Amino acid sequence: FRDFTRIAASSPVMWRDIFSANKTQILKKLDLFTHDLHFLRAAIEADDTTTVMGVLTRAKVARDHFSKILARRAYVEPMKTASVTYIASPSSALTGTFRVPGDKSISHRSIMLGSLAEGTTEVTGFLEGEDSLATLQAFRDMGVVIEGPHRGRVTIHGVGLHGLQPPPGPLYLGNSGTSMRLLAGLMAGQTFDVEMSGDASLSKRPMGRVADPLKLMGAVVDTADGGRPPIKVHGAGKLKGIHYDLPMASAQVKSCVLLAGLYAEGETSVTEPAPTRDHTERMLKGFGYDVQVNGNTVTLRSGGKLTATNIDVPADISSAAFFMVGASIAEGSDITLEHVGMNPTRDGIINILRAMGGNIEVLNPREVGGEPVADIRIRSAQLKGIHIPEDQVPLAIDEFPALFIAAACAEGETILTGAEELRVKESDRIQVMIDGLTTLGVQAEGTPDGAIIHGLGHSGLLGGGEVISHGDHRIAMSFAMASLRASSAITILDCANVATSFPGFVDLANNAGLELDVLT
Ligand code: S3P
């Protein structure tokens, strides 16, 4: 008691003045605190032990975090590989109106730019998944004070572009390629050295694609054999601006070079072979930074500053995609997904499903904080196979595992080309999906840059069986949706990483109509 009432012993006059001078901020915090106490009270009264566990678990994590900061130890330590298996029993339809978690790409960037801004940035709708939490922790390790996340709310006390401090040890980024590649660019502009490592999947992913342009800018970057992580970025070097022609359509590489450009002498520009997600460009502008976009070329100059702002993170269209496919393939489905990010560099899933005959309505389109948002209604449809237009591939790059399930349930053949990037995602998504579909009785072949899938047709059912997700969150969730059209249960191995992008997936999916059991 003496310990936590220590502050009450200080001068009442001083506190009165603090309260008067900070009235608006204090009232806001008091309102939030009151609201949260009511929320906890209601949960206790209703015997809602799950919510109470959530509050207490968060409190424990926060307390452990503070202890580790005091001990100068990195917070996120390599996770022990948890074994999680889904048993997806046949189910019939998806129904309901709901919101999937926040956009992963925007959540990462909100932490990065909020940390480097001057002032306090408030984020709502933040994705509390392991990937974006890895980015959040990396910035805490570099001395940024970040409050939350608490039910999607994060408050970031920005330190300015030159205010980061050396972390106490290597930054551990788990499964998150976005964290590692974007941070590589930012770290190249710092005055200290940083080492970044990740889990087994991330440790196999190519980092030469970011090391190469950074070296052209004058950075000193080491990777392990074959350009894989861990990656060491040496600070103190002077960066110079470059013009970079991206050899592949990759928003992560584009963003890495642009973020390094914030610290490079003169002008930095990137030309991409096809449009990729432009959240970095949009958010830099939102933080008041001058970014020029001319066709496929993005240009910025160093010397500017980021000014704190508020960010409303929309629901992730890549998470919504599983439900769009599930509702399309399961007869009698009718769902509405709320507040989904509709950035035109991300809407390939809608264009492709529509081209396959999908019944998708975009409702109430609006703009929130520089990003288009809408509610999306999806009803079941008789899908047909198509040759997926190659210009849609980068716009749906994370949605192909789900689209492979749609193709398997469609009438006729679906052909995917120009998608070789799928082979270097969290798993080789072409091979892993083909293997799983083959197990479920679908005739499907991989090609170097895509696949050919022979759909079972409108009345066809997938078989049951055991498929392996290879630790890839999107593979796991796609096969869970396949159970809506399966004749018997699908066992999906290695599903722990669903937590990287979609916390609460199982509950949300079961509420909408799936029959998922989890074995740990
Ligand atoms: C992302 C870009 C894409 C995407 C990833 C998130 C981003 O990766 O697959 O999930 O936030 O910039 P690539 O840049 O490798 O295509």
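Remember, it's a predicted structure, so these values are computed and weren't measured experimentally. (Residues numbered from 1 in each chain as written. Predicted model: local features only at pLDDT ≥ 70, side-chain atom pairs only at ≥ 80, totals over all residues. Heavy atoms only, no water.)

Draft legend 1. The overall build of the chain, seen in detail. Counting secondary structure elements, the chain contains 16 helices and 23 strands. Expected size for 520 residues packed as a compact globule is a radius of gyration near 24 Å; at 23 Å, the chain falls within 12% of this value. By residue count, 52% of the 520 residues in the chain fall in the buried class. Taken as a whole, the chain presents about 21700 Å² of accessible surface, with 55% of it coming from carbon and sulfur. Of the charged side chains in the chain, 46 are positive and 59 negative; the average position of the first set lies 7 Å away from that of the second. (Helix = DSSP H or I, 4+ residues; strand = E, 2+ residues; numbered from the N terminus. Rg over C-alpha atoms; globule rule 2.2 N^0.38 Å. Buried < 20%, exposed > 50% of the residue type's maximum accessible area, 1.4 Å probe, protein only. Areas by Shrake-Rupley, 256 points an atom, 1.4 Å probe, with all protein chains shown as cover. Lys, Arg positive; Asp, Glu negative; His and termini not counted. Charge placed at Lys NZ, Arg CZ, Asp CG, Glu CD.)

Draft legend 2. Local environment of the site of the ligand. Near the ligand, the surroundings consist of S105, R109, T178, R181, S250, A251, Q252, R277, I397, D398 and K425. With respect to the ligand, the side chain of S105 contributes an N or O atom lying 2.7 Å from an oxygen atom. Contact between the ligand and K425: an oxygen atom at 2.7 Å from a side-chain N or O atom of the residue. When isolated, the ligand has an accessible area of 390 Å², and the protein chains bury 95% of it. In the shell around the ligand, the residues fall into two nonpolar, four polar and five charged. (Near = heavy atom within 4 Å. Polar contact = N/O pair within 3.5 Å; in protein donor to acceptor, adjacent residues only side chain to side chain. Nonpolar A, V, L, I, M, F, W, Y, C, P; charged D, E, K, R; others polar.)

Draft legend 3. A look at the sheet that holds strand 14 (residues 310–312). Overall, mixed pairing links the four strands, which are arranged 4-5-3-14 in an open sheet. This sheet does not close on itself; its edge strands, each paired only once, are strand 4 (145–150) and strand 14. On average, each strand axis in the sheet is tilted by 15° relative to the strand beside it, whichever way the strands run. (Pairing = 2+ DSSP bridges. Axes fitted to C-alpha atoms, helices over the stretch in contact; angles between N-to-C directions.)

Draft legend 4. Expanded view of unusual backbone geometry. Geometrically, the link from G148 to P149 is a cis peptide bond, its omega value of 5° lying close to zero. Within the secondary structure, P149 is located in strand 4. In this structure, P230 follows P229 across a cis peptide bond, with omega equal to 0°. Among the structural elements, P230 can be located in strand 9 (residues 228–234).

Draft legend 5. Structural view of the packing of helix 5 (residues 130–141) against helix 6 (residues 177–188). Between helix 5 and helix 6, whose axes approach to 10 Å, the crossing angle comes to 25°. It follows from the interaxial angle that helix 5 and helix 6 lie roughly parallel. Of the two elements, helix 5 crosses helix 6, and the hand of that crossing is right-handed. Facing D131, A134, T135, A138 and F139 of helix 5, the residues of helix 6 in contact are S179, L183 and L186. A breakdown of the residues in the contact of helix 5 with helix 6 according to their chemical character gives five nonpolar, two polar and one charged. (Parallel < 35°, antiparallel > 145°, perpendicular 65-115°, else oblique. Left-handed = near helix turned anticlockwise from the far one by under 90°. Contact = heavy atoms within 4.5 Å.)

Draft legend 6. How the structure looks around the sheet that holds strand 1 (residues 85–89). Pairing within the open sheet is mixed, and its four strands lie in the order 21-22-1-23. The outermost strands of the open sheet, each flanked by one partner alone, are strand 21 (465–468) and strand 23 (515–519). Pairs of neighbouring strands in the sheet enclose a mean axial angle of 20°, with direction left out of account. Relative to strand 23, strand 1 runs antiparallel, the two sharing five bridges. Across the sheet, Y86 pairs through a bridge with V518, a residue of strand 23. Seen against the sheet, helix 14 (residues 473–482) touches strand 1, strand 21, strand 22 (490–493) and strand 23 and runs at an angle of roughly 175° to strand 22.

Draft legend 7. Here's a closer look at the environment of A249. With respect to the secondary-structure elements, A249 resides in the loop between strand 10 (243–245) and helix 8 (251–261). Measuring from C-alpha to C-alpha, the distance between A249 and A274 comes to 5.8 Å, with 25 residues separating the pair along the chain. Beyond its immediate chain neighbours, meaning those up to four positions away, A249 contacts P273, A274, T276 and P394.

Draft legend 8. Inspection of the nonpolar core at higher detail. Counting residues in each nonpolar core, the largest one holds 82 residues, and the members touching the most others are F323 and F505. In this structure, F505 is in contact with Y86, F323, M477, A480, M481, V498 and L516, ignoring residues within four places of it in sequence. Judged by nonpolar contacts, the second largest core, of 65 residues, contains I111, V123, A188 and L300. (Core = buried A, V, L, I, M, F, W, Y, C linked by side-chain atoms within 4.5 Å.)

Draft legend 9. Structural detail: the pattern of salt bridges. One pass over the structure, following the stated rule, counts 25 salt bridges. In this structure, R41 engages E45 in a salt bridge whose closest nitrogen and oxygen atoms are separated by 3.3 Å. Placement of both R41 and E45 in helix 2 (residues 23–45) is noted, with a separation of four residues, approximately one turn of the helix. Pair check on accessibility: R41 and E45 agree, each one exposed. Here the residues in one salt-bridge network are R205, R277, D398, E426, R429, D472 and R474, joined through shared partners. (Salt bridge = Lys/Arg side-chain N within 4 Å of Asp/Glu carboxyl O.)

Draft legend 10. Examining the side chain of S269 more closely. Mapped onto the elements of the fold, S269 is located in strand 11 (residues 267–271). Using a relative accessible area of 8% as the deciding quantity, one classes S269 as buried. When sequence neighbours within four positions are dropped, the list of residues in contact with S269 reads I242, H243, Y244, T297, V298 and T299.

Draft legend 11. Representation of the confidence of the model for the chain. In the predicted model, the chain carries a mean pLDDT of 94, and 97% of its residues have values of at least 70. The low-confidence segment residues 74–79, where pLDDT is below 50, has 16 contacts with residues more than four positions distant or belonging to other chains. (pLDDT = per-residue confidence, 0-100.)

Draft legend 12. Focus on the packing of aromatic side chains. One pass over the full model with this rule turns up seven aromatic pairs. Here F502 and F505 contribute two aromatic rings whose centre-to-centre distance is 5.2 Å and whose plane-to-plane angle is 70°, an arrangement assigned as edge-to-face. Residue classification places F502 among the buried positions, given a relative accessible area of 1%. When the ring centre of F39 is taken as reference, the NZ or CZ atom of R151 above it lies at 3.7 Å. (Phe/Tyr/Trp six-rings, centres within 6.5 Å; stacked < 30°, edge-to-face > 60°. Lys NZ or Arg CZ within 6 Å of the ring centre and 35° of its normal.)

Draft legend 13. Just the environment of A274, in detail. Relative to the helices and strands, A274 resides in the loop between strand 11 and helix 9 (279–286). Excluding anything up to four places from it in sequence, A274 contacts A249, N296 and P394.

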